[in-house]
Amino acid sequence: MALDIHRLDNHDHLFGIDDIKFKNLNDIFTAYKHWTGISINQYDDTRLTVGGQQTMIKIIDDYVKKTNLNQDKAKTTDILEFRGLLTYFIHNNYDIEFFAD
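Residues numbered from 1 in each chain as written. Predicted model: local features only at pLDDT ≥ 70, side-chain atom pairs only at ≥ 80, totals over all residues. Heavy atoms only, no water.

Colleague: So what about the pairing of strand β4 (residues 96-100)? Which residues, and what values?
Modeller: Pairing of strand β1 (residues 3-7) with β4, which is carried by five bridges, proceeds in the antiparallel orientation. Considered in β4, the bridge of Arg7 is made with Ile96. Relative to β4, strand β3 (residues 46-48) runs antiparallel, the two being bridged by three bridges. By the bridge assignment, Leu48 is partnered in β4 with Ile96. (Pairing = 2+ DSSP bridges. Helix = DSSP H or I, 4+ residues; strand = E, 2+ residues; numbered from the N terminus.)

Colleague: Explain unusual backbone geometry to me, using residue names and the numbers behind them.
Modeller: Even without being glycine, His11 reaches a positive phi, approximately 65°. Within the secondary structure, His11 is located in the loop between β1 and β2 (13-17). Even without a glycine there, the phi angle at Asn93 is positive, about 60°. Counting through the fold element by element, Asn93 comes out in the loop between α3 (73-91) and β4. Assessed through its relative accessible area of 60%, Asn93 is described here as exposed. (Buried < 20%, exposed > 50% of the residue type's maximum accessible area, 1.4 Å probe, protein only.)

Colleague: Break down the pairing of β2 for me, citing the residues and quoting the values.
Modeller: Of the strand pairs in this sheet, β1 and β2 are connected by four bridges, and their pairing is antiparallel. Residue His6 lies in a different strand from β2, and its bridge partner there is His13. A loop of five residues connects β1 with β2, the two strands running antiparallel in sequence, and His11 in this loop sits at a positive phi of about 65°.

Here it is in structure tokens:
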């Protein structure tokens, strides 16, 4: 696993991002760093509040509008799945933390 994602308040493991998914999400994480200055990478632990997750969803939505999603179905699936998870976490008011593996 490249990153493990946990709830910030109780450290429950929510899901993991393996190396392939991390590569597919890298454009989103890079854009997030440009927007916020906060880096999500495989070497550092990073916290993401509900507000940060909402920013990430905006980035994903912009990416989806600008990108031909038919070029790489696996990448598209990983990005949309990640968006769905973030939406769930926001709905349940979970701040999350990315733990480097």
